[in-house]
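Listed here are the chains, written in short residue letters.
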Amino acid sequence: DAGITQSPRHKVTETGTPVTLRCHQTENHRYMYWYRQDPGHGLRLIHYSYGVKDTDKGEVSDGYSVSRSKTEDFLLTLESATSSQTSVYFCAISQQGADTEAFFGQGTRLTVV
Amino acid sequence: QKEVEQNSGPLSVPEGAIASLNCTYSDRGSQSFFWYRQYSGKSPELIMSIYSNGDKEDGRFTAQLNKASQYVSLLIRDSQPSDSATYLCAVNKGSARQLTFGSGTQLTVLP
């Protein structure tokens, strides 16, 4: 299994509070991604990173921010959590180079009440 | 039109049969194609990747790619109950190799 650890694995938070999810990798892969998965929508890209301090928006980035200060860590922050952000969040990593696959972490189930 | 579309299913096949899963994509510039398997409550697991037209076989799994028709498929031969899962088609696009996923096809293999 790829060395990807997400924390926390489960979290319940209140509307309006900030929340930070962490993705830690031990593979030294260049690319890191945050996806959310919701019934009927599949996996959708929130933000991604192509190196330390290099990040960009994905398909559903509103209400989220990210940071990557070290190769191994990619943080996703919900600035002010809303019920629509209740979801399962997956981190993924990918090597540099053409035709490389992405591998996923175990996921974080977030509930906003 | 969705960028990646899969037959929504659910799909049921008897044990030992061939399961056929289909996927179409809209961006002709897409270069890399992947099939992930996801068991309920678990994370997606890569099972096949394909980059050029034709067939690619790995054990009981065969991926087929037709770039002219913008079509990717996954065949599972001798289906087993343990193959029961949701299968996600993904297409690689963008300079950072971001994946775009279909919504998945739920497969049930009946004993």
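Preceding this paragraph is the structure being described.
Residues numbered from 1 in each chain as written. Chains lettered and ligands numbered in written order. Predicted model: local features only at pLDDT ≥ 70, side-chain atom pairs only at ≥ 80, totals over all residues. Heavy atoms only, no water.

**Digging into the overall build of chain A**
Step number 1: Helix and strand counts for chain A come out as zero helices and eleven strands.
Step number 2: Mapped in sequence order, the helices and strands of chain A form the string β-β-β-β-β-β-β-β-β-β-β.
Step number 3: The C-alpha radius of gyration of chain A comes to 13 Å, within 12% of the 13 Å expected for a compact globule of 113 residues.
Step number 4: Seen through its principal axes, chain A has C-alpha atoms that stretch 40 × 30 × 25 Å.
Step number 5: Residue burial in chain A is summarised as follows: out of 113 residues, 47% are buried.
Step number 6: Pairs at least 24 apart in sequence give 54% of the contacts found in chain A among residues at least 6 apart.
Step number 7: Taken as a whole, chain A presents about 5300 Å² of accessible surface, with 45% of it coming from carbon and sulfur. (Helix = DSSP H or I, 4+ residues; strand = E, 2+ residues; numbered from the N terminus. Rg over C-alpha atoms; globule rule 2.2 N^0.38 Å. Buried < 20%, exposed > 50% of the residue type's maximum accessible area, 1.4 Å probe, protein only. Contact = heavy atoms within 4.5 Å. Areas by Shrake-Rupley, 256 points an atom, 1.4 Å probe, with all protein chains shown as cover.)

**So, the overall build of chain B**
Step number 1: When helices and strands are tallied, chain B shows zero helices and eleven strands.
Step number 2: Its helices and strands in sequence order give chain B the pattern β-β-β-β-β-β-β-β-β-β-β, from N to C terminus.
Step number 3: Relative to the globule expectation of 13 Å for 111 residues, the C-alpha radius of gyration of chain B, 13 Å, shows essentially globular dimensions.
Step number 4: If one aligns the C-alpha atoms of chain B with their principal axes, the spans along those axes are about 45 × 30 × 25 Å.
Step number 5: Counting every position in chain B, which comprises 111 residues, the buried fraction comes to 44%.
Step number 6: Intrachain contacts of chain B at a sequence separation of at least 6 include 53% that bridge at least 24 residues.
Step number 7: When the accessible surface of chain B is summed, it comes to about 5100 Å², and 46% of that surface belongs to carbon and sulfur atoms.
Step number 8: A gap of 7 Å separates the mean positions of the 10 positive and 10 negative side-chain charges of chain B. (Lys, Arg positive; Asp, Glu negative; His and termini not counted. Charge placed at Lys NZ, Arg CZ, Asp CG, Glu CD.)

**Concerning the sheet that holds strand β7 (residues 61–66) of chain B**
Residues and elements named next belong to chain B.
Step number 1: Read from one edge of the open sheet, five strands run β1-β3-β8-β7-β6, paired in antiparallel fashion. Edge positions in the sheet fall to β1 (4–6) and β6 (54–58), since each of these pairs with one other strand and no more. The sheet shows a mean angle of 20° between the axes of neighbouring strands, direction not considered.
Step number 2: In terms of strand pairing, β6 meets β7 through five bridges, oriented antiparallel. (Pairing = 2+ DSSP bridges. Axes fitted to C-alpha atoms, helices over the stretch in contact; angles between N-to-C directions.)

**Things to note about the interface of chain A and chain B**
Step number 1: Counting residues at the interface gives 21 residues for chain A, matched by 20 residues for chain B.
Step number 2: For the chain A and chain B pair, buried surface summed over both sides reaches about 1600 Å², with 55% attributable to carbon and sulfur atoms.
Step number 3: Connecting chain A to chain B are zero salt bridges.
Step number 4: Scanning the region where chain A abuts chain B turns up seven residue pairs in polar contact (both at pLDDT 80 or more). (Buried area = accessible area lost by both parts, 1.4 Å probe. Salt bridge = Lys/Arg side-chain N within 4 Å of Asp/Glu carboxyl O. Polar contact = N/O pair within 3.5 Å; in protein donor to acceptor, adjacent residues only side chain to side chain.)

**Digging into the layout of surface pockets**
Step number 1: In this structure, the largest pocket spans a volume of roughly 620 Å³.
Step number 2: Lining the largest pocket are 28 residues, with Q37, V88 and R109 of chain A together with Q38 and G41 of chain B positioned closest to its centre.
Step number 3: Those elements that provide at least two residues to the lining of the largest pocket are β4 (31–38), β9 (87–94) and β11 (108–112) of chain A together with β9 (85–93) and β11 (105–110) of chain B.
Step number 4: Classifying every residue of the lining of the largest pocket gives seven nonpolar, 17 polar and four charged.
Step number 5: A volume near 420 Å³ is recorded for the second largest pocket.
Step number 6: Forming the boundary of the second largest pocket are 20 residues, of which L43, R44 and E59 of chain A together with T100 and F101 of chain B lie nearest the centre.
Step number 7: Those elements that place two or more of their residues in the lining of the second largest pocket are β5 (42–51) of chain A together with β1 and β10 (98–101) of chain B. (1 Å grid on protein atoms, 1.4 Å probe; cavity = no way out; pocket = protein on both sides within 12 Å on 5 of 7 lines; lining within 4 Å. Points joined across faces, edges and corners; volume = space filled by probe spheres on them. Nonpolar A, V, L, I, M, F, W, Y, C, P; charged D, E, K, R; others polar.)

**What to know about the packing of aromatic side chains**
Step number 1: If you walk through the whole model with that rule in mind, you get eleven aromatic pairs over all chains.
Step number 2: Taking 6.3 Å as the distance between ring centres and 40° as the angle between the ring planes, the aromatic pair formed by Y33 of chain A and Y35 of chain A counts as tilted.
Step number 3: Owing to a relative accessible area of 1%, Y33 of chain A belongs among the buried residues under this scheme.
Step number 4: Under the relative-accessibility criterion, Y35 of chain A is labelled buried at 1%.
Step number 5: Centre to centre, the rings of F104 of chain A and F101 of chain B are 5.9 Å apart; their planes meet at 70°, and the pair counts as edge-to-face. Of this pair, F104 of chain A sits in strand β10 (residues 102–104) while F101 of chain B is found in strand β10, placing the two residues in two different chains. Considered together, F104 of chain A and F101 of chain B belong to a single accessibility category, that of buried residues.
Step number 6: Each member of the aromatic cluster is reached from another via a ring pair, and the members are Y33, Y35, F90 and F104 of chain A together with Y36 and F101 of chain B.
Step number 7: Positioned above the aromatic ring of F61 of chain B, the side-chain terminus of R60 of chain B is 5.5 Å from the ring centre. (Phe/Tyr/Trp six-rings, centres within 6.5 Å; stacked < 30°, edge-to-face > 60°. Lys NZ or Arg CZ within 6 Å of the ring centre and 35° of its normal.)

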